[in-house]
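Fold and geometry: a report
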Amino acid sequence: MDDGVTASGPGLSGARVLVAGASGVLGGLAAHELQARGSVVALAGRHPDRLADVAGGLGGAPVRGLDAYDLDDCAALAAWAVRELGGLDGVLVTVGVAGFGRVEEVPDEVVEHLFAVNVLCPAAVLRGAVARVVDGGFLAAVTGAIVDRPMLGTADYAAAKTALSCWLGVVAREGRARRLRVFDFRLPHLETGFSDRPVAGRPPALPRGGDPAAAVQALVDQLEGAAPAAR
Ligand SMILES: NC(=O)c1ccc[n+]([C@@H]2O[C@H](COP(=O)([O-])OP(=O)(O)OC[C@H]3O[C@@H](n4cnc5c(N)ncnc54)[C@H](OP(=O)(O)O)[C@@H]3O)[C@@H](O)[C@H]2O)c1
């Protein structure tokens, strides 16, 4: 879903963008791509060394830690980004974790973890951004093709991503009066190693994934059509 997105738009030059999950593969690639297209970025992520590497590669973008279990802090990220960047034109959340197993095999604490990381954290980050992003700005998160095609052994991960997808759909409708652009990026399986670092279980047999860089370019193409006019 890319609710309300137009095919062409004003571009990302000068756009002030928060990337939450920038320590991950797709988040790091997106941060680079956004900057390459003229955006200024603020980065949040969990792993401090990986986050510092990404920020260093971008010439020293501002960074802040991100813990999916600290929802108050997740919701405070947008206000921090406003302070760092002088405003906020868009937010991209790439936080997520996989978990596998037949439903009767998955412990409740794993289910809680999957929902904390894949729904509650991204929703908190975006909830904190709704009132702070400029009119016409964007709110975006990565869910996955699994929303449309849940696989056996992924019930809780797929349900969490589907919950986030539903949530984003309502945000899109609530944001129409302010021309907020809401993106639910249902990416296919990509070769980032994501499925090889689940919180629990083993991934089902998967075909070789797609090219992460190409997927991120296409994702940022869509954001580019949604960035507000130059300030
Ligand atoms: N790769 C795929 O095939 C694929 C397909 C469809 C959708 N997706 C989605 O794309 C997003 C990015 O995936 P990716 O491939 O880039 O994988 P990744 O490199 O593992 O990125 C996942 C991100 O989530 C963060 N994260 C995980 N647990 C966290 C926690 N408890 N608190 C805070 N942050 C946490 C990671 O932080 P650290 O790295 O700092 O630990 C990392 O920034 C995920 O939402 C995933 O569900 C991926």
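A short tour of the structure in this document, coming up. (Residues numbered from 1 in each chain as written. Predicted model: local features only at pLDDT ≥ 70, side-chain atom pairs only at ≥ 80, totals over all residues. Heavy atoms only, no water.)

1. Description of the site of the ligand
Near the ligand there are 27 residues, and of these Ser23, Leu26, His47, Leu190 and Thr192 occur at the shortest range. Arg46 is positioned with one of its side-chain polar atoms (N or O) 2.8 Å from an oxygen atom of the ligand. Contacts to the ligand include Tyr157, whose side-chain N or O atom sits 2.8 Å from an oxygen atom. Here the ligand loses 94% of its free accessible area of 880 Å² to cover by the protein chains. Its atoms largely coinciding with the cavity grid, the ligand occupies the largest pocket. Residue assignment for the shell around the ligand shows that the elements contributing at least two residues are α1 (25–36) and α5 (155–174). (Near = heavy atom within 4 Å. Polar contact = N/O pair within 3.5 Å; in protein donor to acceptor, adjacent residues only side chain to side chain. Areas by Shrake-Rupley, 256 points an atom, 1.4 Å probe, with all protein chains shown as cover. 1 Å grid on protein atoms, 1.4 Å probe; cavity = no way out; pocket = protein on both sides within 12 Å on 5 of 7 lines; lining within 4 Å. Sits in = over half its atoms within 2 Å of the grid points. Helix = DSSP H or I, 4+ residues; strand = E, 2+ residues; numbered from the N terminus.)

2. Some thoughts on the packing of helix α4 (residues 108–130) against α5
Viewed as axis vectors pointing N to C, α4 and α5 meet at an angle of 15 degrees, and their least axial separation amounts to 8 Å. Here α4 is positioned roughly parallel relative to α5, judged by the angle of their axes. Helix-helix and strand crossings are classified by hand; for α4 and α5 the assignment is right-handed. Along its contact with α4, which presents Val111, Leu114, Phe115, Asn118, Val119, Pro122, Ala123, Leu126 and Arg127, the element α5 presents Asp156, Tyr157, Ala159, Ala160, Lys161, Ala163, Leu164, Trp167 and Leu168. A breakdown of the residues in the contact of α4 with α5 according to their chemical character gives 14 nonpolar, 1 polar and 3 charged. (Axes fitted to C-alpha atoms, helices over the stretch in contact; angles between N-to-C directions. Parallel < 35°, antiparallel > 145°, perpendicular 65-115°, else oblique. Left-handed = near helix turned anticlockwise from the far one by under 90°. Contact = heavy atoms within 4.5 Å. Nonpolar A, V, L, I, M, F, W, Y, C, P; charged D, E, K, R; others polar.)

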